[in-house]
Amino acid sequence: GFTYAGKYIFKKPVVFNLNFNVTNICNQQCPMCNAALPGRGGESVTFESYVALLDKLKPHKIASLTISGGEPSLVKDIVKILDYSAREFKFGVNVNSNLYASEKIIRPFAEAALRNNIRIGTSFDGFGKVADKLRGAKDVSERVLKNIELVTAMKKEMKSESTLNMNTVISDQ
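Residues numbered from 1 in each chain as written. Predicted model: local features only at pLDDT ≥ 70, side-chain atom pairs only at ≥ 80, totals over all residues. Heavy atoms only, no water.

## What about the overall build of the protein chain?
Here's step 1: Check the secondary structure of the protein chain and you find six helices and five strands.
Here's step 2: Scanning the protein chain from its N terminus toward the C terminus, one meets helices and strands in the order α-β-α-β-α-β-α-β-α-α-β.
Here's step 3: For 173 residues, the compact-globule estimate of 2.2 N^0.38 gives 16 Å, and the protein chain sits close to it at 17 Å.
Here's step 4: Counting only C-alpha atoms, the protein chain reaches 50 × 35 × 35 Å along its principal axes.
Here's step 5: Accessible surface, the protein chain: about 10100 Å² in total, of which carbon and sulfur atoms supply 56%.
Here's step 6: Side chains of the protein chain give 24 positive and 17 negative charges; the mean places of these two sets differ by 6 Å. (Helix = DSSP H or I, 4+ residues; strand = E, 2+ residues; numbered from the N terminus. Rg over C-alpha atoms; globule rule 2.2 N^0.38 Å. Areas by Shrake-Rupley, 256 points an atom, 1.4 Å probe, with all protein chains shown as cover. Lys, Arg positive; Asp, Glu negative; His and termini not counted. Charge placed at Lys NZ, Arg CZ, Asp CG, Glu CD.)

## Concerning the state of the cysteines
Here's step 1: Overall, the coordinates contain zero disulfides when judged by the stated rule.
Here's step 2: The closest cysteine sulfur to the non-disulfide-bonded Cys-26 is located on Cys-30, 6.1 Å from its own sulfur.
Here's step 3: Cysteine Cys-33 is unpaired, with the sulfur of Cys-30 as its nearest cysteine sulfur at 6.2 Å.
Here's step 4: Judged by its relative accessible area of 46%, Cys-33 falls in the partly exposed class. (Disulfide = S-S within 2.5 Å. Buried < 20%, exposed > 50% of the residue type's maximum accessible area, 1.4 Å probe, protein only.)

## Some thoughts on the nonpolar core
Most often, soluble globular proteins keep nonpolar side chains buried together rather than apart.
Here's step 1: The biggest cluster of nonpolar side chains holds 39 residues, and the ones touching the most others in it are Phe-20, Tyr-50, Leu-65, Ile-67, Ile-81, Leu-82 and Val-95.
Here's step 2: When residues no more than four places from it in sequence are discounted, the contact partners of Ile-67 are Phe-20, Val-22, Tyr-50, Pro-72, Ile-78, Ile-81, Leu-82, Ser-85, Val-93, Asn-94, Val-95 and Asn-96. (Core = buried A, V, L, I, M, F, W, Y, C linked by side-chain atoms within 4.5 Å. Contact = heavy atoms within 4.5 Å.)

## Digging into the pairing of strand 3 (residues 93–96)
Here's step 1: Here strand 2 (residues 64–68) runs beside strand 3; their pairing, made up of three bridges, is parallel. Looking at the pairing, Thr-66 lines up with Asn-94 of strand 3.
Here's step 2: Handedness of the crossover joining strand 2 and strand 3 through helix 3 (residues 78–88) is recorded here as right-handed.
Here's step 3: Pairing between strand 3 and strand 4 (residues 119–123): three bridges, direction parallel. When the bridges of strand 4 are listed, Val-95 appears paired with Ile-120.
Here's step 4: Read from strand 3 through helix 4 (residues 103–115) to strand 4, the crossover connection turns out right-handed. (Pairing = 2+ DSSP bridges. Right-handed = clockwise from strand over helix to strand, strands pointing away.)

## Some details on the environment of Glu-111
Here's step 1: Looking at the element boundaries, Glu-111 is found in helix 4.
Here's step 2: When its relative accessible area of 38% is taken as the criterion, Glu-111 is described as partly exposed.
Here's step 3: Considering only alpha carbons, one finds Glu-111 and Val-79, 32 residues apart in sequence, at a separation of 8.5 Å.

## Quick look at helix 5 (residues 128–135)
Here's step 1: If you check which residues of helix 5 are buried, you get Ala-131, Leu-134 and Arg-135. Within helix 5, the buried residues cover an arc of 85° as seen down the axis, which keeps them to one side. Every exposed residue of helix 5 that faces more than 90 degrees away from the buried side is listed here: Lys-129 and Lys-133.
Here's step 2: For helix 5, the secondary structure elements touched by its buried residues are strand 4 and helix 6 (140–158). (Arc of directions from axis to C-beta.)

Read these as layout, nothing more, since geometry by itself doesn't imply function.
Right, here's the structure in full:
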């Protein structure tokens, strides 16, 4: 903490949080977003390119990290990325996920986040047709609620200190 306090006191630039989009691929089609559906273009970082980019930023002594996307759980190397990130950022890591993927994808993603006490952020925007319209996908609230329950059960079982933060889109829907 002294490094960041000193920079602040001496009016030097402080980068407290880096938002790193690991992919622009997503399994939803929110009307306000330009993410690509899987198999329809888009890119994700590899673990090696992720580490190389963070190495270039090390001189800035960034305190914390937010991993976002697209949908980070769809990134092939996300488990290695989360494990590495937890060791590198002294003030913690956040990861944003729509928690819409299948359990086969969500389980290893959540396990890595929970094992590393990474904070998980998700959006829950409504129920039924409203949620489906806002997220451009089918059965959104049912799938997300199921995955919230899964992550919550895993958190208890693993005795993780992670938090699950919920956000919502404010709309006239």
